[in-house]
Amino acid sequence: MALKVNQRLYLSMRVPENNVKVYPTGFWVNPKFPFLGCSQDGLVASDTVIGIKSIKILKQYSIEAVTSPTFPVAKSVLSRQCFQVEDGKCILKHSHAYNYYQCHHILLVTDRKFCDFILHAANGPDSVERIPRDEPLIVEILAYLWAFWTRVIAQRSLKCVSSGISYHLF
């Protein structure tokens, strides 16, 4: 989504006052952990990032249809989604490894305190949830990423360099 859409969506959902600005941003690399990078959908003030997830299933179906007992999509498909419906509104599942952990990865890389995570539903109300920084979870994520970097990426890079093979991560 373009920044104008992000800013309009964010401001219409989150902020009652008009003096909040959403800033564009690009790819970030953490200076303490230069093997970690991320890009987010926007920055607000000095402590908040914005993450926006457009929910694919809600492009085709409404929230009412998705929660209906006669919904044609298997319940197992719905259970794998990053959201659950509460009071007619989409809420991010904190047990969902991809999106919830992604928010904390972004907070780790940017060293911010909050991720305002927007679930965008084309056929229903959007929702925003302020996810505060969870240090124990960030420490756990960093441990896994450090292990992956040292045991897989760095090993592969060193092997290629020592044998004279050109190595590219991407």
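Read on for a plain summary of the structure. From a predicted model like this one, the values you see are computed outputs, not experimental measurements.

It is worth spelling out the overall build of the protein at this point. For the protein, the count of helices and strands is 6 helices and 9 strands. Within the protein, the fraction of its 170 residues that count as buried is 36%. The long-range fraction of contacts in the protein, counting pairs at least 24 apart against all pairs at least 6 apart in sequence, stands at 55%. In the structure as shown, the protein presents an accessible area of about 10,300 Å², 57% of it carried by carbon and sulfur atoms.

A few words now on the side chain of R112. With respect to the helices and strands, the residue R112 is situated in the loop between α5 (97–110) and β8 (114–120). One buried charged residue, R112, forms no salt bridge at all, with the nearest opposite charge on D47 at 5.9 Å. Within the local environment of R112, its side chain forms a polar contact with the backbone oxygen of A45, the two atoms lying 2.9 Å apart. Sequence-distant contacts of R112, defined by excluding residues within four places in its chain, comprise W28, L43, V44, A45, S46, D47, T48, V49, L107 and R133.

By size, the foremost hydrophobic cluster in this structure holds 31 residues, and its most contacted members are I57, L58 and L119. Of all the elements in the fold, those that place two or more residues in this core are α2 (57–60), α3 (63–67), β7 (89–92), α5, β8 and α6 (135–162). If one sorts the elements of this core by residue count, α5 sits on top with 6 residues. Core analysis: the second largest hydrophobic core is formed by 7 residues, V20, V22, V44 and I52 among them.

Moving on, we get to the environment of L36. Residue position: L36 is located in the loop between β2 (27–29) and β3 (37–39). With a relative accessible area of 4%, L36 lands in the buried category. Not counting the four nearest positions on each side in its chain, L36 is found in contact with W28, V29, N30, H105, L108, V109, L142 and L145.

Scoring rules and cut-offs
Residues numbered from 1 in each chain as written. Predicted model: local features only at pLDDT ≥ 70, side-chain atom pairs only at ≥ 80, totals over all residues. Heavy atoms only, no water. Helix = DSSP H or I, 4+ residues; strand = E, 2+ residues; numbered from the N terminus. Buried < 20%, exposed > 50% of the residue type's maximum accessible area, 1.4 Å probe, protein only. Contact = heavy atoms within 4.5 Å. Areas by Shrake-Rupley, 256 points an atom, 1.4 Å probe, with all protein chains shown as cover. Lys, Arg positive; Asp, Glu negative; His and termini not counted. Salt bridge = Lys/Arg side-chain N within 4 Å of Asp/Glu carboxyl O. Polar contact = N/O pair within 3.5 Å; in protein donor to acceptor, adjacent residues only side chain to side chain. Core = buried A, V, L, I, M, F, W, Y, C linked by side-chain atoms within 4.5 Å.

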